Amino acid sequence: MASTLPEPHPDPRLTTANGNSARTSGAPERTGGIEAHGIDHIPDSERRGRPRELFSVWAAANVNYLSLVVGGALVLMGLTLWQALAVIVVGNLFWLLTGLLAVPGPAAGAPSEVITRALYGVLGNRVNNAVTGWMISVCYFALNLAAAATAAFALVARTGLPVNAAVKAVVVVAIAAVTLTISVWGHAAIVRLYTPITLALTAVFAVVAVVVLRHTDFGHVPQRPLTGSALWATVLAGVALIASGPLSYTTSADFSRYLPRTASPRAVAGWTAFGGFLSGILVCGIGACAATAVDMTDPASSLQPLLPGWFRPLFLLALVLGTVALNALTAYSAGLALQAVGIRIRRSLSVLVDGTVSVSLTLYALLVSDFLDTVGNVLQLTVVLLGPSTAVYATDILLRRNRYDGLALGDESRTSPFWYTGGVNWSGALALGAGVAAAALCVDTVYTGPVAAALGGIDLALPAGLTVSATAYALLMRSLRVTGRG
């Protein structure tokens, strides 16, 4: 491991992994309105907007079907309503980390997939992007697409059409096509579209909230109330389930990188976190309240009897629209991750590749697997990796005081200040590995780790992974001269 970090040699002619040059001036490069930038540096001349625009981006993305499912699942797991609501609040506080991870975007003018070269090195970061960037994003896209399709199936059924395998496949492809169109169009389209989407979804879910609250049993207690270690095991599992949402957005800088370099870091973090937190509390809370009155294993069908007849199609459309908004962000970041892995492909084409893989996984989840079990297992298991990954990233931001050189980060040569040792920053790699190992020992979901088994099923994977990886990274980086450029 190197004892010091070499000074960077910024060069405006740097070539990025997608074959685009990191330009430092000129008008935005666009092709038919489609965003041309990929993982290359965004020059100051193309920066615009205000941090408050991030609120609608993250609010719209989290008013969705999956949030209803997860909120209802907490009550199905055996929690009382008030216990479930407390878990929802605690789990959604992890949006503060998502907000922090958005802060380097304006400073670097680069997406998270490039900024993390500072954490893992040029080559080490390719592995990081392949796993925590691309693979997990594609899995989330598939889960969210399956959730949207479930609501769309109910909408199709209202027309009298048979909801058979062929119809389901057509619906999945149609929703994916709309989603990928937004992702391909890119950042400007997302910023423009998400304010009206947020307003529309807020109006629909306000009506749903009023109806659900009228039927909510606020004194709901399960037939066999949980106590002792069983209660704590369920509470911690629930927090991990809710936290998996915000923790999945280690790519939040992707949507803040077009803001001016002078944008307030506090405003960037605050609007990002507030958008996700507020919508997460609202929709997960509705799901938990509804679970005291109806069977929330299938919210799209179970909630409809509570709603006025004329409003039911609007509710189903809102579920689809919210998930489309969420998946457009996921597909956008997955496309950048594919470029950051080192594949020379335009961002628009990389998004389409991601969509094709995700559609295949979705059809499997809907036609072969049990959707609710798949959701719970995948979301809880991803925390084993996402918790440590988020912690290392957040720790690096604090250590560097958010001083990142975007042009230097774009340098993938052996003279790059982020080449470290053989292209790998072993401080980041070892810290991430230690955090994942600690979380794996403590997890209790698809399998039970030895620590969880010794504690009677109490899952400490999330706090263990966060604490170990953050501490290890801070200690290991003391051997390097941490500056704004390396």
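At a minimum axis distance of 7 Å, the contact between helix 1 (residues 53-61) and helix 12 (residues 265-290) shows a crossing angle of 30°. Taken together, the axes of helix 1 and helix 12 are roughly parallel relative to one another. Read as a crossing pair, helix 1 and helix 12 show a hand that is right-handed. Counted together, L54, F55, W58 and A59 of helix 1 and V268, W271, T272, F274, G275, G276, L278 and S279 of helix 12 form the full contact between these two elements.

Tallied over the full model, the rule gives 10 aromatic pairs. Through a chain of ring-to-ring contacts, the aromatic side chains of W58, W95, Y249, F255 and Y332 assemble into a single cluster.

A separate point is the pattern of salt bridges. Going through the model one piece at a time under the given rule, you end up with seven salt bridges. The partner of R126 in a salt bridge is E412, with the nearest N and O atoms 2.9 Å apart. Here R126 is found in helix 8 (residues 122-157), whereas its partner E412 is found in the loop between helix 17 (406-409) and helix 18 (426-442), with 286 residues between them in sequence. On the basis of relative accessibility, which here comes to 28%, the residue R126 falls in the partly exposed class.

Bringing the environment of R478 into the picture now. Within the fold, R478 resides in the segment after helix 20 (461-476). As for R478 and S427, which are separated by 51 residues in sequence, their C-alpha atoms are 9.3 Å apart.

Further remarks concern the side chain of S183. Within the secondary structure layout, S183 lies in helix 9 (residues 165-185). The buried category is assigned to S183, whose relative accessible area is 0%. Not counting residues up to four positions away in its chain, the partners in contact with S183 are N327, A328, A331, Y332, R347 and V351.

A few words now on empty space enclosed by the protein. The final tally for this structure, using the stated rule, is six cavities of 30 Å³ or more. Here the lining of the largest cavity is built from residues that sort into 12 nonpolar, 13 polar and no charged. In this structure, the second largest cavity spans a volume of roughly 110 Å³. In this structure, the second largest cavity is lined by 13 residues; those nearest its centre are T116, N128, N129, T132 and T250. Contributing elements (two or more residues each) for the lining of the second largest cavity: helix 6 (112-115), helix 7 (117-120), helix 8 and helix 16 (371-400). Of the residues contributing to the lining of the second largest cavity, the split by class is three nonpolar, nine polar and one charged.

A few words now on helix 9. Along its 21 residues, helix 9 runs 30 Å from first to last C-alpha, staying within 8% of the 30 Å computed at 1.5 Å per residue. Listed in full, the buried residues belonging to helix 9 are V171, V172, I175, A176, T179, L180, I182, S183 and V184. A side-chain oxygen of the first residue of helix 9 lies 3.3 Å from the backbone nitrogen of A166; this N-cap is N164. Where helix 9 ends, the next residue or the one after it, G186, has phi of about 100°, a positive value.

Our focus in this paragraph is a nonpolar patch on the surface. Together, V89, V90, L93 and L96 give the surface a local cluster of nonpolar side chains, amounting to about 330 Å² of exposed area. Relative to the helices and strands, V89 is located in helix 3 (residues 81-92).

What follows deals with the confidence of the model for the chain. Reading predicted coordinates in detail is not appropriate for stretches of low pLDDT. Within the chain, residue pLDDT values average 87, and 89% of them lie at 70 or more. Overall, residues 1-32 carries pLDDT values under 50, and its contacts beyond four positions in sequence, including any with other chains, amount to 89 contacts.

What follows deals with the packing of helix 4 (residues 95-102) against helix 12. Relative orientation and spacing of two packed helices are given, respectively, by the angle between their axes and the distance between those axes. Viewed as axis vectors pointing N to C, helix 4 and helix 12 meet at an angle of 145°, and their least axial separation amounts to 7 Å. Between helix 4 and helix 12 the crossing geometry is right-handed. Residues W95, L96, T98, G99, L100 and A102 of helix 4 pack against V268, A269, T272, A273, G276 and F277 of helix 12. When grouped by side-chain class, the residues that make up the contact of helix 4 with helix 12 number eight nonpolar, four polar and no charged.

About the cut-offs
- Note that residues are indexed from 1 along each chain, following the sequence as it is written.
- Totals for whole chains, interfaces and linings use all residues, but because this is a predicted model, local features are given only for residues with pLDDT of at least 70 and pairs of side-chain atoms are given and counted only at 80 or more.
- Calculation of side-chain values draws on the structure's entire complement of heavy atoms; hydrogens and water are dropped beforehand.
- Axis geometry follows a simple rule: fit a line to the C-alpha atoms, using only the stretch in contact for helices, then measure angles between N-to-C directions, giving values from 0 to 180 degrees.
- A run of DSSP states H or I qualifies as a helix once it reaches four residues; a run of E qualifies as a strand once it reaches two. Both are numbered from the N-terminal end.
- Note that the term roughly parallel is reserved for angles under 35 degrees, roughly antiparallel for angles over 145, roughly perpendicular for angles of 65 to 115, and oblique for everything else.
- Crossing chirality is assigned from the near helix's rotation relative to the far helix, an anticlockwise turn below a right angle marking it left-handed and a clockwise turn marking it right-handed.
- The contact criterion used is simple: two residues touch if any of their non-hydrogen atoms lie within 4.5 Å.
- Centres within 6.5 Å make a pair out of two Phe, Tyr or Trp rings, where for Trp the six-membered ring is used; the pair is then stacked when the planes are under 30 degrees apart, edge-to-face when over 60, and tilted otherwise.
- For this analysis, a salt bridge means a side-chain nitrogen from Lys or Arg found within 4 Å of a carboxyl oxygen belonging to Asp or Glu.
- A 1.4 Å probe rolled over the protein chains alone gives each residue an accessible area, and that area as a share of the maximum for its type sets the label: buried under 20%, exposed over 50%, partly exposed in between.
- In this analysis, the protein atoms alone were mapped onto a 1 Å grid. Cavities are point sets where a 1.4 Å probe fits without being able to get out; pockets are open sets with protein on both sides within 12 Å along at least five of seven lines; lining residues have an atom within 4 Å of a point.
- Grid points are joined across faces, edges and corners, and a volume is the space filled by probe spheres set on the points.
- Basically, the charged four are Asp, Glu, Lys and Arg, the nonpolar ten are Ala, Val, Leu, Ile, Met, Phe, Trp, Tyr, Cys and Pro, and anything else, Gly included, counts as polar.
- By this rule, a helix spans an expected 1.5 Å times one less than how many residues it contains.
- Any N or O atom pair separated by 3.5 Å or less is treated as a polar contact, with the protein-specific requirement of one donor-capable and one acceptor-capable atom, and with residues adjacent in sequence counted only for side-chain atom pairs.
- To count toward a patch, a residue needs a relative accessible area above 30% and no salt bridge. Like charges then connect within 9 Å, nonpolar side chains (Val, Leu, Ile, Met, Phe, Trp, Tyr) within 5 Å.
- Per-residue and other accessible areas were derived by the Shrake-Rupley procedure at a 1.4 Å probe size, with only the shown protein chains allowed to occlude residues.
- The predictor rates its confidence in each residue with pLDDT, a number between 0 and 100.

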